[in-house]
Amino acid sequence: MSAVVEQPRHFCMLGAKQSVVAIERAVPIVHAGPGCSSKLWSGLSFCNGFQGAGYAGGSAVPSTNTGEREVVFGGEGRLREVIEGALKVMDGDLFVVLTGCTSDIVGDDTAQVVREFRERGVPIVHAETGGFKGTSFAGHEALLDAIIRQFLGPARETIPNLVNVFASVPYLDPFWSGNLEGLRELLAGIGLEANILFGPGSGGIEAWRKIPVARFNLVVSPWVGVKAAQLLEERYGTPWLHYPVLPVGGTETSRFLATVGEFAGIDRARTEAFIRREEERFYYYLERAADFILEFRYDLPGRFVTVCDSLYALGVSRFLVNDLGLLPGEQFVTDQTPPEHRDALRGAFAALSPSVAAPVTFTPDGGAVQRHLREARHHRPPLIIGSTWDKDIAAELKGYQVSLSLPVTDRLVLDRSYVGYRGGLRLAEDIYGAILGSYQ
């Protein structure tokens, strides 16, 4: 049975190419048809906060541009030519071959081709990311798996307080670099050194080489990154902590720091002192906004709706309920969450606070979301936290809208972060700024 998805919120598995671009001095090599690489760059980067090409992204990505000849006779020879050419003209610390639909369907032995170069001492790995196999979230997980299995060496002596962080998916989350820096700062506040694997200042492949010597792995996501943590536990015996909620705002960030600090065995007094200092600052600014919130109480949104991937949908919902006192409507999770993680998410939405729950629908289909919203009863204008796709339905319902999930074409995103105490304040500014902007 065929189906049509309107207003898609993610891309195919080959979107992992952008995760490679996010590793400092890493070079993706795409073994796919012409146009695949450029379209993914356009969708995941340019049309998602205008994030730019990066060191080896955009039009610089080497591609086999496979056609009829490679489909009929195989594309392994063409892949060897492109890798040889890339090594001559691209200056990289790590090369990652990513397959597309045609090469995976015809059965090219990409692993063997890449192995030939690795045996020559070339730092190169490969991941099977044929677009028909899954979403770009799954592609990101396949990339993590490939680098862990094919690039990392044996574990040496553990570095005390070093923590590998698996959280926002680069480029797919337009705020990924700011969010990862935010997590780094939070963990530093309680005495931990975050090993951030993507983005500016991460250290490139040296950060990846340190993965086996970390004290533990931290997964900050409902499900993306869990497989990598399980694999690292299997290969290196590294313990891991799964914190499924993006810590946004005072309530959730304090809970996050207390949980991580306890897992890491950090002195409780140190953790509590950092939390107390950050909370004082956070609530100073939130209290300062109380006059505005009280004055405009009749013009504020009735209920909020999130149309986001699971990381933002849950993290933002917790913040809006527990720190801003807003009430939820139906929440839409768009990342095609694997079935084994859906019950946990339903449980989390059922307990946003001790007395507040929200129904959740899993769908990548923007058309289905619009039908739900049109049929729902809105006694006051709703607040829709989603993507630029949702501006039209928000206008139709005379509601308010903020874009923070792919695609984002109405904002330029640089280092903005929604993580932590300061991230909560930024999100509050953006939401109420959008409401005030509607009066112009």
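This is a predicted model, so every value here is computed, not measured. (Residues numbered from 1 in each chain as written. Predicted model: local features only at pLDDT ≥ 70, side-chain atom pairs only at ≥ 80, totals over all residues. Heavy atoms only, no water.)

Trainee: Help me understand the sheet that holds strand β1 (residues 26–31) in this model?
Mentor: The pairing of strands in a sheet happens through backbone hydrogen bonds and is either parallel or antiparallel. Taken in spatial order, the three strands make up an open sheet running β1-β2-β3, and their pairing is parallel. A strand with exactly one partner marks an edge of an open sheet, and here the two such strands are β1 and β3 (124–127). Adjacent strand axes in the sheet meet at a mean angle of 25 degrees, parallel and antiparallel pairs treated alike. For strand β2 (residues 94–99) and β3, the ladder comprises four bridges, and the chain directions are parallel. Residue pairing for β3: Val 97 is matched across the bridge by His 126. (Pairing = 2+ DSSP bridges. Helix = DSSP H or I, 4+ residues; strand = E, 2+ residues; numbered from the N terminus. Axes fitted to C-alpha atoms, helices over the stretch in contact; angles between N-to-C directions.)

Trainee: Would you take a moment to explain the pattern of salt bridges for this structure?
Mentor: A side chain with one charge can pair with a side chain of the opposite charge if their charged atoms come near. Taken as a whole and assessed by the stated rule, the structure comprises 20 salt bridges. Residues Arg 374 and Glu 396 are paired through a salt bridge, measuring 2.6 Å at the closest nitrogen-oxygen approach. With Arg 374 in helix α16 (residues 366–375) and Glu 396 in helix α17 (residues 391–396), the pair connects residues that are 22 residues apart, well separated along the chain. Across the pair Arg 411 and Asp 430 runs a salt bridge, and its minimum N-O distance is 3.1 Å. Placement of the pair is Arg 411 in the loop between β13 (400–403) and α18 (420–437) and Asp 430 in helix α18, with a sequence separation of 19 residues. By relative accessible area, Arg 411 is classed as buried at 18%. We classify Asp 430 as buried; its relative accessible area is 18%. The network of salt bridges with shared partners includes Arg 25, Asp 91 and Asp 93. (Salt bridge = Lys/Arg side-chain N within 4 Å of Asp/Glu carboxyl O. Buried < 20%, exposed > 50% of the residue type's maximum accessible area, 1.4 Å probe, protein only.)

Trainee: Before we go on, may I ask you to explain empty space enclosed by the protein in this structure?
Mentor: To find leftover empty space, one rolls a probe the size of a water molecule over the atoms. As enumerated under the stated definition, the model contains six cavities of 30 Å³ or more in all. Its boundaries defined by the atoms lining it, the largest cavity holds a volume of some 80 Å³. What lines the largest cavity is a set of 13 residues, among which Phe 137, Val 169, Val 224, Asp 309 and Leu 311 lie closest to the centre. Of the residues belonging to the lining of the largest cavity, the class tally is seven nonpolar, three polar and three charged. When its volume is computed, the second largest cavity comes out at roughly 60 Å³. Looking at the lining of the second largest cavity, the elements that each hand over two or more residues are α7 (136–150) and β4 (162–166). Grouping the constituent residues of the lining of the second largest cavity by class yields nine nonpolar, three polar and no charged. (1 Å grid on protein atoms, 1.4 Å probe; cavity = no way out; pocket = protein on both sides within 12 Å on 5 of 7 lines; lining within 4 Å. Points joined across faces, edges and corners; volume = space filled by probe spheres on them. Nonpolar A, V, L, I, M, F, W, Y, C, P; charged D, E, K, R; others polar.)

Trainee: What is the right way to read helix α4 (residues 76–89) from this model?
Mentor: Since the α-helix turns once every 3.6 residues, residues separated by three or four places project in the same direction. The first and last C-alpha atoms of α4 sit 20 Å apart over 14 residues, in line with the 20 Å expected at 1.5 Å per residue. Leu 79, Val 82, Ile 83 and Ala 86 are the residues of α4 that are buried. Buried residues of α4, viewed axially, fall in a sector of 100 degrees; they line one side. Every exposed residue of α4 that faces more than 90 degrees away from the buried side is listed here: Glu 81, Lys 88 and Val 89. Structurally, α4 contributes buried residues whose contacts are with β1, β2, α6 (110–118) and β3. (Expected span 1.5 Å × (residues − 1). Arc of directions from axis to C-beta. Contact = heavy atoms within 4.5 Å.)

Trainee: Looking at this structure, I do not really get the sheet that holds β4. What am I missing?
Mentor: Taken in spatial order, the four strands of this open sheet run β5-β4-β6-β7, and their pairing is parallel. One side of each edge strand has no neighbouring strand; the edge strands of this open sheet are β5 (193–195) and β7 (240–243). The sheet shows a mean angle of 30 degrees between the axes of neighbouring strands, taken without regard to direction. Pairing analysis gives four bridges linking β4 to strand β6 (residues 216–220), with the strands arranged parallel. If you follow Val 163 over to β6, its bridge partner there is Phe 216. Against the sheet, helix α11 (residues 249–264) makes contact with β6 and β7, and its axis sits at roughly 165 degrees relative to β7, the strand it touches most.

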